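Single-letter residue listing:
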Amino acid sequence: MSRIAYVNGFYRNMRDACVNIEDRGYQFSDGVYEVCEIRDGRLVDMARHMARLQRSLSELRIAMPMPLTSLAVVMHEVVRRNRVHYGIVYLQITRGVARRDHAFPAKPVQPSVVVTARSLNLAKNQDTAAKGIKVITVPENRWPRVDIKSVSLLPNVLAKQAARDEGAYEAWYVDPDGYVTEGASSNAWIVTDQGSVVTRSAESGILSGITRAVLMDVLAALQIKLEERPFTAAEARQAAEAFVTSASQIVMPVVAIDNQRIGKGEPGPISLRLREEFHRFSAFS
Ligand code: PMP
């Protein structure tokens, strides 16, 4: 079965799907994106993803290309046409096509919309979670507006590759004061010896993850103490447990940071419990 993508009003076979070479997403990374998890063919926590999308667009002064309800229809349709039961749906909106010039087009153009979906292997993902992942730390080198979910991801690409080169799965950025900000494509968490779960506040230095927000509801419901505060890489390496969150990984245990074992070097009980409980608190649509 060939995969289907939605591109600016049309559902196309992936091999025929294309965008204009003067799309500002292609030339300037002038656009934003969202990734939602798909479970049992349904979209997870879509309302929150759509709220963040609206915020990203408005911060960049890109117009919403169609009503949210229409966008939701397109996303569901792409999932359906690709017969994805478990996987992700990817949505990208750029400022649109215009003759190359850094400033916004003088006459507003229609933003470009692309939606794709693909299946992921649930068993494989569960297997990864049962083993846990390794993380390396890298110096923070991104622009300060990481709160915007922009497609401009070159530092993230390089950080992720640095992790791969060292046999790790994720890279955690460390700011000049020694504090962990977040992962190249995930939010970073640790668990203290006292059993408190710690993550940096979304006020600065991180993308406000949707999985992160839902996990806070999970913590409250399970009466697990949350500490929203910065933590250093040194504290993380000594933590009882660590994990990352993202729409595609949900809660993914971390078993080593910079080749230093975390806890017993295996996924911790709190991380695994949070992973298990997570979808009881998700909204499906
Ligand atoms: N931070 C960064 C830099 C990310 O790319 C992601 C995943 N898109 C996250 C955090 C996690 O966000 P979410 O839980 O909404 O997927």
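Residue positions are given per chain, counting from 1 as you read along its sequence in written order. With pLDDT at 70 or above as the cut-off, local features in this predicted model cover only qualifying residues; side-chain atom pairs require 80 or more to be listed or tallied, and sums for whole chains, interfaces and linings still use all residues. Just so you know, side-chain values use all the structure's heavy atoms and leave hydrogens and water out.

Asks: Mind showing me how you'd approach the site of the ligand here?
Replies: Residues are labelled near a given molecule or strand when at least one of their non-hydrogen atoms is within 4 Å of it. Surveying the vicinity of the ligand reveals 17 residues, the closest of which are Arg52, Lys149, Glu182, Ile210 and Thr211. Between Glu182 and the ligand, the recorded distance is 2.7 Å, taken from a side-chain N or O atom to a nitrogen atom. Computed on the free molecule, the ligand has an accessible area of 390 Å², of which 94% lies beneath the protein chains in the complex. Secondary structure elements follow DSSP: runs of H or I no shorter than four residues count as helices, runs of E no shorter than two count as strands, and numbering proceeds from the N terminus. Counting residues per element, the ones that place at least two in the shell around the ligand are α2 (46-59), β9 (180-183), α6 (210-221) and β13 (241-246). For this classification, Asp, Glu, Lys and Arg are treated as charged, while Ala, Val, Leu, Ile, Met, Phe, Trp, Tyr, Cys and Pro are nonpolar and the rest, including Gly, are polar. Grouping the amino acids of the shell around the ligand by side-chain chemistry returns five nonpolar, nine polar and three charged. Either an automatic procedure or a domain database provided the assignment from which the domain bounds are taken. Shared between two domains, the shell around the ligand takes at least three residues from each, and those domains are domain 1 (4-119) and domain 2 (125-281). N or O atoms within 3.5 Å of each other form a polar contact, as long as, within protein, one can give a hydrogen and the other can take it, and as long as residues adjacent in sequence are counted only when both atoms are side-chain atoms. For accessible areas, the Shrake-Rupley method is used with a probe of radius 1.4 Å. Any residue's cover is judged against the shown protein chains and nothing else.

Asks: Teacher, can you tell me more about the domain arrangement of the chain here?
Replies: Bring the parts together and some accessible area is lost; that lost area is often taken as the interface size. Annotation of the chain at the domain level lists domain 1 (4-119) and domain 2 (125-281). One C-alpha centre belongs to domain 1, the other to domain 2, and the line joining them spans 26 Å. Throughout, buried area stands for the accessible area (probe radius 1.4 Å) lost by two parts on being put together, summed over both. Taking both partners together, domain 1 and domain 2 bury about 1,800 Å²; carbon and sulfur atoms supply 58% of that area. When the buried surface of domain 1 facing domain 2 is broken down by residue, Tyr33, Arg48 and Arg52 rank first, second and third, together holding 35% of it. Any Lys or Arg side-chain nitrogen found within 4 Å of a carboxyl oxygen on Asp or Glu counts as a salt bridge. Applying the counting rule to domain 1 against domain 2 returns three salt bridges. Across the pair Arg145 and Glu59 runs a salt bridge whose closest N-O atoms are separated by 2.8 Å. Here domain 1 is connected to domain 2 by ten residue pairs in polar contact (both at pLDDT 80 or more).

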